[in-house]
Amino acid sequence: MRPRHLISTDDLSNEDVQYILQQAAQLLPMARKEVVTDMLGGAIMASLFFEPSTRTRFSFTSAMMRLGGQVISDSSMATTSSVTKGETYQDTARMVSTFADAIVVRHPELKAIEELAEGSSVPVINAGAGADTHPTQALLDLFTIIWEKESIDGLTIGLVGDLKYSRVLHSQIRLFSRYSNLKFLLVAPSKKLALPKEYEELITERGHAFKVVDSLEEALPEMDVVSMTRFQKERFGKEKVAKNFCLDAKMMKHVKEDAIVIAPLPRCDEMPPEIDDDPRCKYFDQVQYGVAVRMGILKWALGVE
Ligand code: NCD
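So, here's what we can say about the structure. Everything numeric in this text was worked out from a predicted model, so none of it was measured.

1. What to know about the sheet that holds strand E6 (residues 183-187)
Argument step 1. Read across the sheet, five strands follow the order E7-E6-E5-E8-E9 without closing on themselves; strand pairing throughout is parallel. Each end of this open sheet is capped by a strand with a single partner; those strands are strand E7 (209-212) and strand E9 (260-262). Direction aside, the axes of adjacent strands within the sheet are offset by 20° on average.
Argument step 2. For strand E8 (residues 225-228) and E9, the ladder comprises three bridges, and the chain directions are parallel.

2. Let's talk about a negative patch on the surface
Argument step 1. Judged by side-chain charge, Glu114, Glu118, Asp132, Glu198, Glu201 and Glu205 come together as a negatively charged surface patch.
Argument step 2. Looking at the negative patch, the elements that each hand over two or more residues are helix H5 (110-119) and helix H8 (197-205).
Argument step 3. Examining the composition of the negative patch, we find that three residues originate from one element, H8, more than from any other.
Argument step 4. Within the secondary structure, glutamate 118 is located in helix H5.

3. Points about the site of the ligand
Argument step 1. The environment of the ligand is made up of Arg55, Thr56, Arg106, His134, Gln137, Arg167, Val168, Arg230, Gln232, Pro264, Leu265 and Pro266.
Argument step 2. Measuring from an oxygen atom of the ligand, one finds a side-chain N or O atom of arginine 106 at 3.1 Å.
Argument step 3. Measuring from an oxygen atom of the ligand, one finds a side-chain N or O atom of arginine 230 at 2.6 Å.
Argument step 4. Structurally, the ligand is housed in the largest pocket.
Argument step 5. Its residues assigned to classes, the shell around the ligand comprises four nonpolar, four polar and four charged.

4. Comments concerning the environment of alanine 78
Argument step 1. Tracing the backbone shows alanine 78 in helix H3 (residues 77-80).
Argument step 2. Sequence spacing of alanine 78 and leucine 48 is 30 residues, and the spatial spacing of their C-alpha atoms is 9.3 Å.

5. Regarding the sheet that holds strand E1 (residues 44-49)
Strands pair in a sheet through their backbones, by hydrogen bonds, and they do so in one of two ways: parallel or antiparallel.
Argument step 1. Spatial strand order, E2-E1-E3-E4: four strands in an open sheet with parallel pairing. Looking at the sheet topology across the chains shown, the edges are occupied by strand E2 (70-74) and strand E4 (124-129). In this sheet, adjacent strand axes meet at a mean angle of 15° when their direction is disregarded.
Argument step 2. Note that E1 and strand E3 (residues 102-107) share five bridges and pair parallel. When the sheet's bridge partners are listed, methionine 45 is paired in E3 with alanine 102.

6. Brief notes about H5
Argument step 1. All of the buried residues in H5 are Ala112, Ile113, Glu115, Leu116, Ala117 and Gly119.
Argument step 2. For H5, the secondary structure elements touched by its buried residues are helix H4 (89-99), E3 and E4.

7. Comments concerning the pairing of E6
For a regular strand, side-chain orientation follows a simple rule: the groups alternate between the two sheet faces.
Argument step 1. The element E6 is largely enclosed, with a buried count of four among its five residues.
Argument step 2. Strand direction decides the pairing type here: strand E5 (residues 156-160) and E6, joined by five bridges, are parallel. Counterpart to isoleucine 157 in the pairing with E6 is phenylalanine 184.
Argument step 3. Crossover handedness for the path E5 to helix H7 (residues 167-176) to E6: right-handed.
Argument step 4. Relative to E7, E6 runs parallel, the two being bridged by four bridges. Within E7, the position partnered with phenylalanine 184 by the bridge is phenylalanine 210.

Scoring rules and cut-offs
- Residues numbered from 1 in each chain as written.
- Predicted model: local features only at pLDDT ≥ 70, side-chain atom pairs only at ≥ 80, totals over all residues.
- Heavy atoms only, no water.
- Pairing = 2+ DSSP bridges.
- Helix = DSSP H or I, 4+ residues; strand = E, 2+ residues; numbered from the N terminus.
- Axes fitted to C-alpha atoms, helices over the stretch in contact; angles between N-to-C directions.
- Patch = residues over 30% accessible without salt bridge, like charges linked within 9 Å, V, L, I, M, F, W, Y side chains within 5 Å.
- Areas by Shrake-Rupley, 256 points an atom, 1.4 Å probe, with all protein chains shown as cover.
- Salt bridge = Lys/Arg side-chain N within 4 Å of Asp/Glu carboxyl O.
- Lys, Arg positive; Asp, Glu negative; His and termini not counted.
- Charge placed at Lys NZ, Arg CZ, Asp CG, Glu CD.
- Near = heavy atom within 4 Å.
- Polar contact = N/O pair within 3.5 Å; in protein donor to acceptor, adjacent residues only side chain to side chain.
- 1 Å grid on protein atoms, 1.4 Å probe; cavity = no way out; pocket = protein on both sides within 12 Å on 5 of 7 lines; lining within 4 Å.
- Sits in = over half its atoms within 2 Å of the grid points.
- Nonpolar A, V, L, I, M, F, W, Y, C, P; charged D, E, K, R; others polar.
- Buried < 20%, exposed > 50% of the residue type's maximum accessible area, 1.4 Å probe, protein only.
- Contact = heavy atoms within 4.5 Å.
- Right-handed = clockwise from strand over helix to strand, strands pointing away.

Put into structure tokens, the structure is as follows:
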């Protein structure tokens, strides 16, 4: 039987998404260190990172350990693993799945993660694939929206920043578009960073609306959710965020009173710390939600009720 891989949110049925969100809500007290559990006692998660990470890697590690499981981890696989000696991803996965019960992997190429899944006898979870997808971040963003706004249906969601290379925004579109009656406002600071056509098509195919807007200031008052991303400069070189694309205190005046601001972090120039204490800004709360959501994902992947 194929293990429960999570390579794209498309690997999840609507019931799976529902299960993960419900689990996350129930597991939040454990992520908040209020309650201790041993639900995944005896299980081992392997964490293989071929690209930099702080939050996602520690978030998965914390999630597994708070469920009573253990973690084996390599944060610099690109330079230390046997892949550098020419070992295939299939063989690497075959080895690691002997040592562990689930594999969490980040890699600049989606193809490599797919190959790992082919070779693995245990679930492989995509923790970020190049500019392509980042399904567990999208799940935690969805959790945040539903937790904070009760429902995602009918909302206007602003996708702001690097729409071309942000894997987070791409996964958000894939996942959020399962719900009803959404409007996406696409705000990229330059044409070079515009959303790839395939995602515009996906939005339309699934019956939602989108509008390309050049001015952040003009788009903000319409948004229920402001989804911010940094320039993914490791994918295309240096670029500074133009001042009129920074969500600073002055720009926050254009955000609705009941809107929320989400971001996967890290941030660069696009969100100065001066807005952090604004109650609409949820990006630091999200770090804790992320542990709970990843606890839910691990339970789903391992098939533990
Ligand atoms: C994101 C990522 O790695 O894609 N960060 C994260 O997972 N928390 C976003 C980013 O790096 O900009």
